[in-house]
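Here is how the chains run, residue by residue.
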Amino acid sequence: MLSPVVLLAACDGSKPLIKREPKGPVFPAADRPVASIVSTRWSNEEARDRLNEAGEVMNKGEIRKGMTVADIGAGEGYYTIRLAARVGKDGRVLAEDIIPAVRDQLAERVAREDLANVSVKLGEANDPKLPEASFDRVLMVHMYHEIEQPYEFLWRLRPSLKPDGLVVVVDANRPTQNHGTPPALLKCEFAAVGYTQVDTDDMPSAGGYIATFRATGPRPAPEAIRACRLG
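Residues numbered from 1 in each chain as written. Predicted model: local features only at pLDDT ≥ 70, side-chain atom pairs only at ≥ 80, totals over all residues. Heavy atoms only, no water.

Draft legend 1. Geometry of the pairing of strand 1 (residues 68–72). Counted residue by residue, strand 1 has five buried out of five residues, so it is predominantly covered. With burial as the criterion, each face of strand 1 is covered, one bearing Thr68, Ala70 and Ile72 and the other bearing Val69 and Asp71. Relative to strand 2 (residues 92–97), strand 1 runs parallel, the two being bridged by five bridges. Among the inter-strand pairings, valine 69 is bridged to a residue of strand 2, identified as valine 93. Looking at chain direction, strand 1 and strand 4 (residues 135–141) are connected through four bridges and run parallel. The residue of strand 4 that forms the bridge with valine 69 is arginine 137. (Buried < 20%, exposed > 50% of the residue type's maximum accessible area, 1.4 Å probe, protein only. Helix = DSSP H or I, 4+ residues; strand = E, 2+ residues; numbered from the N terminus. Pairing = 2+ DSSP bridges.)

Rendered as C-alpha cells:
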C-alpha cells in the first residue's frame, strides 16, 4: 500500500496521472457541398487525346522538361503517363491517389509501361502527403470538388511546393455538388490558405477552366483560416 506521502506527491499537480495526447490543428469545414467520388475516369483517353486535353493543360501550366510534378487524384493515370513524357528522363512525376486499389492499378500500369521517372503514392483525403520543397507543379484535374476538407488539404499541400512552384487546377464551372467548382469559390478557398491566383483561362478541351496558384507569404495558422461563404 502506498504511503500518504507518495499519494500526495502523485496528486500535487507536478505530473499528470493520465497522459493526454496533444490534439492536432483544427481547420474550418467547407461551407459548401462536397461531391462524392463516383469514378476514377473523367472520360476515355482516346476522346481526351483527340481534343489534345493534356497537351493544352500542360502548355497552360508551363510544364517543361526536367520539372518535378505531382499528379493529385491520379486515378487511372491519364495525366501521369503524359506528364512522364513531357518532363522527360531528367524530370519526375509523383502520382497520388487516396484509394488503395486505384493506387495499385496505377502502379501496375507504370511498371507495365516502364516509366522510370514515375513513382506512385497513397495519400489521405485531407493530406496529399507530399515531400517538402519538391514540386515545380502540383496538378489537380477534375477532383478539387471531391476534397472533403479543402482548407486542411491546401494547408498541408503548401510546404511541398518549390519557391516558384504552382498549383494547377482544372475543373468545371458549376456547383460543387454537380462535380465542379465555381472559379470565384476556388479563388476564395485558395486565398484563405495564403495562395494568390496567377492566372485563369477557359479550357474547353478539358471540360471547364484552368487556374494556377502560387503560395505567397507565411502559411496561416489553422485557427486563422476563415471558410468562404456561398452566395
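Draft legend 2. Local environment of the pattern of salt bridges. Taken as a whole, this structure holds 14 salt bridges when the rule is applied. Where glutamate 45 meets arginine 109, a salt bridge forms, and the shortest distance between an N and an O atom there is 2.9 Å. Linking glutamate 45 in helix 2 (residues 45–50) with arginine 109 in helix 5 (residues 100–112), this pair joins segments that are 64 residues apart in sequence. There is no split in this pair, since glutamate 45 and arginine 109 are both buried. With a closest N to O distance of 3.0 Å, arginine 109 and glutamate 113 form a salt bridge. Look at glutamate 113 and you get partly exposed, because its relative accessible area is 35%. Put simply, Glu45, Asp49, Arg82, Arg109 and Glu113 are held in one network by salt bridges that share partners. (Salt bridge = Lys/Arg side-chain N within 4 Å of Asp/Glu carboxyl O.)

Draft legend 3. Molecular detail of the pairing of strand 5 (residues 161–171). Counting buried positions over the 11 residues of strand 5 gives eight, a clear majority of the element. Two strands pair when backbone bridges link them, and strand 4 and strand 5 are joined in this way by six bridges, in the parallel orientation. Bridge pairing links leucine 139 to valine 168 in strand 5. In this fold, the crossover linking strand 4 to strand 5 by way of helix 6 (residues 150–157) has right-handed handedness. In this structure, strand 5 lies alongside strand 7 (residues 208–215), joined through five bridges in antiparallel fashion. Paired with valine 167 across the two strands is phenylalanine 213, which belongs to strand 7. (Right-handed = clockwise from strand over helix to strand, strands pointing away.)

Draft legend 4. Molecular detail of the environment of valine 198. When you line up the elements, valine 198 lands in strand 6 (residues 195–203). Accessibility expressed as a relative area gives 41% for valine 198, which makes it partly exposed. Once residues within four sequence positions are removed from consideration, valine 198 is found in contact with Leu166, Thr212, Phe213 and Arg214. (Contact = heavy atoms within 4.5 Å.)

Draft legend 5. Quick look at the environment of tyrosine 144. Its place among the elements puts tyrosine 144 in the loop between strand 4 and helix 6. A relative accessible area of 0% places tyrosine 144 in the buried class. Once the C-alpha coordinates of tyrosine 144 and valine 34 are considered, the two residues, 110 residues apart in sequence, prove to be 9.3 Å apart. Once you skip the residues sitting within four places of it in the chain, tyrosine 144 turns out to touch Arg32, Pro150, Leu154, Val169, Asp171, Thr181, Leu186, Glu189 and Phe190. Engagement of the side chain of tyrosine 144 in a polar contact is seen with the side chain of glutamate 189, the distance being 2.6 Å. (Polar contact = N/O pair within 3.5 Å; in protein donor to acceptor, adjacent residues only side chain to side chain.)

Draft legend 6. Geometry of the side chain of threonine 212. Looking at the secondary structure, you find threonine 212 in strand 7. For threonine 212, a relative accessible area of 6% translates into the label buried. Ignoring sequence-local partners within four residues, the contact set of threonine 212 consists of Val167, Val168, Thr196, Gln197, Val198 and Asp199.

Note that all results are geometric; they support no functional claim without further evidence.
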